[in-house]
Amino acid sequence: MPVSKWRLAALGQIEEARTLGEDTLTRRRRVQGEDHPSTLNTVRFLEQLDKAREDPDPGE
């Protein structure tokens, strides 16, 4: 079973999730276009990863 970018992020493997997310975004932009909902979801995912990197534990 392939590992999703969401699962990698949940497991704390942020760099691996980012690499997979960037690859997914490149493909979605090419195939589906900039404004497709799936493309936009991937953009939001990458933004969330960046935010998590900046503040890895907001509860502290």
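The structure displayed is predicted, hence computed values, not measured ones.

**Student:** Can you lay out the overall build of the chain for me, pointing to particular residues and giving the numbers?
**Tutor:** Looking only at helices and strands, the chain features three helices and zero strands. Beginning at the N terminus, the succession of helices and strands in the chain can be written as α-α-α. Relative to its 60 residues, the chain shows a buried fraction of 20%. For the chain, restricting intrachain contacts to residue pairs at least 6 apart in sequence, the fraction spanning at least 24 positions comes to 40%. Put simply, the chain shows about 4600 Å² of open surface, and 51% of that area lies on carbon and sulfur atoms.

**Student:** Which residues make up helix 2 (residues 14–31), and what values do they have?
**Tutor:** Taking 1.5 Å of rise per residue, 18 residues should cover 26 Å, and helix 2 covers 25 Å from first to last C-alpha, within 8% of that figure. Looking at helix 2, one finds that the buried residues are Ala 17, Arg 18, Gly 21, Thr 24 and Leu 25. Down the axis of helix 2, the smallest arc covering the buried residues is 130°, so these residues share one side. Of the exposed residues in helix 2, those oriented more than 90 degrees away from the buried face are Thr 19, Arg 30 and Val 31. In this structure, the buried side of helix 2 is in contact with helix 1 (5–10) and helix 3 (37–54). Following helix 2 by one or two positions, Gly 33 has its phi on the positive side, about 95°.

Analysis parameters
Here, residues in each chain are numbered from 1, in the same order as that chain's written sequence. This being a predicted model, a pLDDT of at least 70 is required before a residue's local features are given, and a value of 80 or more before pairs of side-chain atoms are given or counted; all residues contribute to the totals for chains, interfaces and linings. The side-chain values count all of the structure's non-hydrogen atoms but skip hydrogen atoms and water molecules. Secondary structure is summarised from DSSP: a helix means a run of H or I of at least four residues, a strand means a run of E of at least two, and numbering begins at the N terminus for each. Relative accessibility thresholds used throughout: buried, under 20% of the residue-type maximum; exposed, over 50%; partly exposed, between the two (1.4 Å probe, protein chains only). Contact between two residues is taken to exist if any of their heavy atoms lie within 4.5 Å; hydrogens are not considered. Computed with a 1.4 Å probe, the accessible areas rest on the Shrake-Rupley method; for each residue, only the protein chains presented here act as cover. Multiplying 1.5 Å by the helix residue count minus one yields the expected span of that helix. Here the arc refers to the set of directions running from the helix axis out to each C-beta atom.

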